[in-house]
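Residue-level listing of the chains:
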Amino acid sequence: MSGMKIAGIILLVCGTLSLAYGGFSYTKDESHMEMGELSVQVEDRERVDLPVWLGVGLIVIGGGLLAGASKKA
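Residues numbered from 1 in each chain as written. Predicted model: local features only at pLDDT ≥ 70, side-chain atom pairs only at ≥ 80, totals over all residues. Heavy atoms only, no water.

## A look at a nonpolar patch on the surface
A grouping of Met-1, Ile-6, Ile-9, Ile-10, Val-13, Leu-17 and Tyr-21 is seen on the molecular surface, where their side chains present a nonpolar patch of about 740 Å² in accessible area. Mapping Met-1 onto the fold places it in the segment before helix H1 (3-21). For Met-1, a relative accessible area of 76% puts it in the exposed group. (Patch = residues over 30% accessible without salt bridge, like charges linked within 9 Å, V, L, I, M, F, W, Y side chains within 5 Å. Areas by Shrake-Rupley, 256 points an atom, 1.4 Å probe, with all protein chains shown as cover. Salt bridge = Lys/Arg side-chain N within 4 Å of Asp/Glu carboxyl O. Helix = DSSP H or I, 4+ residues; strand = E, 2+ residues; numbered from the N terminus. Buried < 20%, exposed > 50% of the residue type's maximum accessible area, 1.4 Å probe, protein only.)

## Considering H1
Its 19 residues place the ends of H1 27 Å apart at the C-alpha level, agreeing with the 27 Å of an ideal helix rising 1.5 Å per residue. Positioned one or two residues after H1, Gly-22 has a phi angle of 75 degrees, which is positive. (Expected span 1.5 Å × (residues − 1).)

## Here we look at the confidence of the model for the chain
Averaged over all residues, the pLDDT of the chain equals 89, while 97% of them reach at least 70. Mean pLDDT per element in the chain: strand E1 (residues 23-35) is the minimum at 85, and H1 is the maximum at 93. (pLDDT = per-residue confidence, 0-100.)

## Here we look at the environment of Leu-50
Checked against the element boundaries, Leu-50 lands in the loop between strand E2 (38-49) and helix H2 (52-72). With a relative accessible area of 28%, Leu-50 lands in the partly exposed category. Between the alpha carbons of Leu-50 and Ser-18 there is a distance of 6.7 Å; along the sequence they are 32 residues apart.

What follows is the structure, given as structure tokens:
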């Protein structure tokens, strides 16, 4: 399998996941305090929204790479 086919498949999968989930979230530690046996930790959950045009663009580029790789072979 050529590098263009692998890149095309990866872009297609990423674009599809981007459209299906619309983004991703992660947890960020804000502060941590310890006093003896007492421990306090604050976590902030952030969400990154991915635009629809990004997912569509990844799918189009991935499809183009797959089509270009199959024509060369």
